[in-house]
Amino acid sequence: MTEFEERFGKTPVFLVKFADEEWKLEELAKGILYLSTVKYFQDLEKEGMGDNYDCKEVLTETDIQMYTDNTKKHLVYAGKGEATITDIEDCKRHIFCTTCIEFKDLNITKESENYFKVSLFYTDEQKKKMKENFGEYALIIKFKKFIDRIETVFNRENIIGAMGKANYVDYSKNRIDRITSFLENTPDKFFWKRLKYKYQNEFRIAVLNRTSNDAIKIDIGDISEFTELLPVDELCEFSTGMV
């Protein structure tokens, strides 16, 4: 492991936001953060994207039995099956999704004692999948400066948020940590995703104290000085120096 790998570890270096239209990313570069509802991402899977299990607790091989509310009289045993628990209020909360680029995803093209130059590495197959699932354009965002800006604005506007990389797990197994996050209502429940979406390598920001049926916009101020907009086909041509 190189000194640079030890220094950055698994901390993201860049975030990439994709869109099918260039103007959407130009708006983000101007500082307009567009956050969709959890319900939006649940429904989006019907169109081949999103995740219907987003922010849902799904239990497999579960004994399902029904009782009356007052007398606790046993009514019916429905057998073993899949049970899904959904909090309606969570469906109205908002999430901003990006792809996470870690140091291991970069090519070092030039290196000296205090400086190195890196470029992104994507195979043709990866670029094809990005275009099909996310759009023709990408906005590359320097991670630390972006997160610093988010934290400053959220603190100023009294926005309670949670952020981090998605946790990709096998939903055919009932994990105690996943179940606990729902039972104890912790922010971790917004970051579980099915293994089939691991290729997205997602980093997300969730807003916890604002609910609505529609998307929201938060103005975080112009971020164009630490972003770069380009077509997905040119992702591998992006390079930058780092100290």
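Note on numbering: residues in each chain are counted from 1, in written sequence order. Only residues with pLDDT of at least 70 are given local features in this predicted model, and only at 80 or more are side-chain atom pairs given and counted; all residues enter the totals for whole chains, interfaces and linings. In computing side-chain values, all of the structure's heavy atoms are included and hydrogens and water are not.

The relative placement of two aromatic rings is captured by the distance of their centres and the angle of their planes. Each aromatic pair joins two rings of Phe, Tyr and Trp (for Trp, the six-membered one) with centres within 6.5 Å, and gets the label stacked for planes under 30 degrees apart, edge-to-face for over 60, and tilted for any other angle. One pass over the full model with this rule turns up 4 aromatic pairs. When the centroid spacing of 5.5 Å and the interplanar angle of 40 degrees are considered together, the rings of Y53 and Y171 count as tilted. Taken together, the residues span a long stretch of sequence, with Y53 in the loop between α3 (38-44) and β3 (57-67) and Y171 in the loop between β10 (167-169) and α7 (176-183) at a distance of 118 residues. Comparing Y53 with Y171, the two get one shared label, buried. Look at NZ for Lys and CZ for Arg. If either is within 6 Å of the ring centre and within 35 degrees of the ring normal, a charge sits over the ring. Above the plane of the ring of F96 lies K17, whose end atom (NZ or CZ) is 4.7 Å from the centre. Above the plane of the ring of Y171 lies R178, whose end atom (NZ or CZ) is 4.1 Å from the centre. Secondary structure elements follow DSSP: runs of H or I no shorter than four residues count as helices, runs of E no shorter than two count as strands, and numbering proceeds from the N terminus. Note on classification: 1.4 Å probe, protein chains only; a residue is buried when its accessible area is under 20% of the maximum for its type, exposed when over 50%, partly exposed between these limits.

Whenever Lys or Arg places a side-chain nitrogen within 4 Å of a carboxyl oxygen from Asp or Glu, that contact is recorded as a salt bridge. All chains considered together, the criterion is met by 15 salt bridges. Note that K217 and E27 form a salt bridge whose closest N and O atoms lie 3.7 Å from each other. Placement of K217 in strand β13 (residues 216-219) and of E27 in helix α2 (residues 22-29) is noted, with a sequence separation of 190 residues between them. Here R178 and E57 are joined by a salt bridge, their closest N and O atoms 3.1 Å apart. In this pair, R178 is assigned in helix α7 and E57 in strand β3, connecting sequence segments 121 residues apart. Of the two residues, R178 and E57, neither departs from the other in class, the shared state being buried.

So, about the environment of S212. Mapped onto the fold, S212 is located in the loop between β12 (202-207) and β13. S212 sits in the partly exposed class, given a relative accessible area of 24%. Once the C-alpha coordinates of S212 and H94 are considered, the two residues, 118 residues apart in sequence, prove to be 8.3 Å apart. Contacts of S212, omitting those with residues within four sequence positions, involve T37, K92 and H94. At 3.0 Å, the side chain of S212 and the side chain of H94 are in polar contact. By definition in these notes, contact holds between two residues if any of their heavy atoms fall within 4.5 Å. Polar contact criterion, stated in full: a pair of N or O atoms within 3.5 Å, where within protein one must be able to donate a hydrogen and the other to accept it, and residues adjacent in sequence count only if both atoms are side-chain atoms.

Attention shifts here to α7. Buried within α7 we find R178, I179, S181 and F182. Projection of α7 onto a plane perpendicular to its axis shows the buried side chains occupying an angular sector of 160 degrees, all on one side. In α7, those exposed residues whose orientation departs by more than 90 degrees from the buried face are I176 and L183. After α7 finishes, the residue N185 shows a positive phi value of roughly 55 degrees. It is the directions from the helix axis to the C-beta atoms whose arc is reported.

Attention now goes to unusual backbone geometry. A positive phi angle, close to 55 degrees, is found at C55, a residue other than glycine. Along the polypeptide, C55 turns up in the loop between α3 and β3. The phi dihedral of N201 falls on the positive side, at around 45 degrees, and the residue is not glycine. Tracing the backbone through its elements, the reader meets N201 in the loop between β11 (192-194) and β12. According to the relative accessible area criterion, N201 is partly exposed, its value standing at 22%.

Here the focus is the state of the cysteines. In plain terms, two cysteine sulfur atoms within 2.5 Å form what is called a disulfide here. Taken as a whole and judged by the stated rule, the model has 0 disulfides. As a non-bridged cysteine, C91 has C55 as the owner of its nearest cysteine sulfur, 7.0 Å distant.

With that out of the way, let us pick up the nonpolar core. Working definition of a nonpolar core: buried Ala, Val, Leu, Ile, Met, Phe, Trp, Tyr and Cys residues. They are joined through side-chain atoms within 4.5 Å. Ranked by size, the top nonpolar core spans 26 residues in total, and within it L33, F146, I218 and I220 carry the most contacts. For this core, the leading source of residues is helix α6 (residues 143-156), giving 6 residues.

None of this, on its own, says anything about what the molecule does.
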